[in-house]
Amino acid sequence: MPVQYGISILLSGISLGGQYALIAIGYTMVYGILRLINFAHGDVFMVAGLMMVYLSASLPLAAAIPLMIILTVLLGFIIERAAYKPLRTAPRMSVMISAIGVSYLLQNLATYVTGGLPQMYPALPGLSNQLTIAGVSTKYVTVVTPVLVVLLVAALTQLINHTRIGMAMRAVSRDFETAQLMGIRINSVISVTFIIGSLLAAIGSLLYFTNYQSIVPLSGSLPGLRAFVAAVFGGIGSIPGAVVGAFLIGICESIIKGSDWSVFSDAFTFAILIVVLCVKPTGLFGEKVTDKV
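Computed from a predicted structure; not experimentally measured.

Reading the values: rules and limits
- Residues take numbers from 1 onward in each chain, read along the sequence in its written order.
- Reporting of local features is limited, given that this is a predicted model, to residues whose pLDDT is at least 70; pairs of side-chain atoms are given and counted only at 80 or more, and all residues count toward the totals for whole chains, interfaces and linings.
- Just so you know, side-chain values use all the structure's heavy atoms and leave hydrogens and water out.
- The secondary structure listing takes helices from DSSP runs of H or I that are at least 4 residues long and strands from runs of E that are at least 2 residues long, numbered from the N terminus.
- We compute the radius of gyration from the C-alpha atoms alone; for a globule the expected value is 2.2 Å times N to the 0.38, where N is the number of residues.
- Relative accessibility under 20% of the residue-type maximum defines a buried residue, over 50% an exposed one, and the middle range a partly exposed one, all with a 1.4 Å probe and only protein chains included.
- Note on contacts: a residue pair qualifies if any of its non-hydrogen atoms lie within 4.5 Å across the two residues.
- For every accessible area listed, the method is Shrake-Rupley and the probe measures 1.4 Å; residues are considered covered only by the protein chains on display.
- In this count, Lys and Arg are taken as positive residues and Asp and Glu as negative ones, while His and the chain termini are left out.
- The location of each charge is read from NZ of Lys, CZ of Arg, CG of Asp or CD of Glu.
- What a helix should span is 1.5 Å times the count of its residues minus one.
- Bend angle per residue: angle between axes fitted to the 7 residues ending at that residue and the 7 residues starting there.
- By nonpolar core is meant a set of buried Ala, Val, Leu, Ile, Met, Phe, Trp, Tyr and Cys residues that side-chain atoms within 4.5 Å join together.
- Put simply, a salt bridge is a Lys or Arg side-chain nitrogen that is within 4 Å of an Asp or Glu carboxyl oxygen.

Trainee: Can you explain the overall build of the protein chain? Please cite residues and give values.
Mentor: Per the secondary structure count, the protein chain includes 11 helices and four strands. Here the C-alpha radius of gyration of the protein chain, 19 Å, is about what a compact globule of 293 residues would show, namely 19 Å. Viewed in the frame of its principal axes, the protein chain has a C-alpha envelope of about 60 × 50 × 35 Å. Residues classed as buried in the protein chain amount to 47% of the 293 residues present. Sequence-distant contacts in the protein chain: of pairs separated by 6 or more residues, those separated by 24 or more amount to 75%. Taken as a whole, the protein chain presents about 14400 Å² of accessible surface, with 69% of it coming from carbon and sulfur. Taking the 15 positively charged and 9 negatively charged side chains of the protein chain as two groups, their mean positions are separated by 9 Å.

Trainee: Hey, could you go over helix α1 (residues 3-34) for me, with residue numbers and the actual values?
Mentor: Side chains three or four residues apart in an α-helix point the same way, a direct result of the helix having 3.6 residues per turn. Relative to the 46 Å expected for 32 residues at 1.5 Å per residue, α1 spans 46 Å between its end C-alpha atoms, a close match to the ideal helical length. Taken as a whole, α1 carries its principal kink of about 25° at Ile23. Two residues or fewer past α1, Arg35 is found with a positive phi of approximately 55°.

Trainee: Please give an account of the side chain of His41 that cites residues and values.
Mentor: Along the polypeptide, His41 turns up in helix α2 (residues 41-58). Taking relative accessible area as the criterion, His41 reaches 4% and is therefore assigned buried. If near-sequence neighbours (up to four positions away) are discounted, His41 is found in contact with Ile23, Gly26, Tyr27, Gly197, Ser198 and Ala201.

Trainee: Go over the nonpolar core with me, naming the residues and quoting the values.
Mentor: Counting 79 residues, the largest nonpolar core has Ile25, Leu34, Met68, Tyr84, Tyr121 and Leu156 as the members making the most contacts within it. Here this core gets 13 residues from one element, more than from any other, and that element is helix α8 (residues 186-211). The contact partners of Tyr121, leaving out residues within four places of it in the chain, are Gly49, Met52, Val53, Ser205, Leu206, Phe209, Thr210, Gln213 and Ile215.

Trainee: How would you summarise the environment of Leu50 if you had to cite specific residues and measurements?
Mentor: Locating Leu50 in the fold gives a position in helix α2. Distance from Leu50 to Ala64, taken between C-alpha atoms, is 12 Å for residues 14 residues apart in sequence. In this structure Leu50 touches Ala110, Thr114, Gln119 and Ile215, once residues within four positions along its chain are discounted.

Trainee: Can you break down the pattern of salt bridges residue by residue, with the values?
Mentor: Here the structure, examined in full by the defined rule, presents four salt bridges. Residues Arg88 and Glu80 are paired through a salt bridge, measuring 2.9 Å at the closest nitrogen-oxygen approach. Looking at Glu80, the relative accessible area reads 0%, which means it is buried. The salt bridge involving Glu253 is made with Lys257; its shortest N-O contact spans 2.9 Å. Of this pair, Glu253 and Lys257 both sit in helix α10 (residues 239-257), four residues apart, which is roughly one turn of the helix. Judged by its relative accessible area of 1%, Glu253 falls in the buried class. One network of salt bridges, in which partners are shared, links Glu80, Arg81 and Arg88.

This is the structure in structure tokens:
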């Protein structure tokens, strides 16, 4: 394999993995606190992309980008309050069905608004521009993505480890009922978790759709599914695990797509997951949970 081709595959995989990581963190944070797989998270990512398309058509990018992020965060907050909060004491299966319903609702709303037609994502100056690395031409987003992911994860780690809300999040994830008895405002903690996840999904959409500019109502399904696989691969509930898993999934996907077996790229992703879970059921960084009797 020529060196330049290998560098191109590696750069693409790292960039794609970073974008999956921003989505995967949302999955793993919600699961860590609620023990819930938020199946609507990938569709929040898709809606963020569509909002950017429509906002950029009528506003300057300097105003459209922050407004899109704010609206995506608001959407995540509304979803939590409308679809999940009323089911706080319901069986977990009921909450999961609600999450699936929200996912289909967002997809159908997107189909209604767009008519099912692909929407072209705007070119973002600074991210869409070309640069050359070791003789390989790529977009600036390829370089920006891993750096931005590292900075965001570092900031999130500081938030979780050194702030009151972070301490509350760790307490709730450790023991939901006891944290509630100790006076922690559970609803506020859960809302903050959804807000952070939606914020990261909005930033991830900026990076992802800069490379894949055609958006349809199902554009969040496959990235969301791969990000979920990355979260499980790294150890669902572990933020470092989700990030490492996402980068591994992104690199492996790019290698497979650059080979003659590209049609099996999705199958290979799940094959890796199955092998890892057979060897380590909790994922690479997952902790074994012991039920107290």
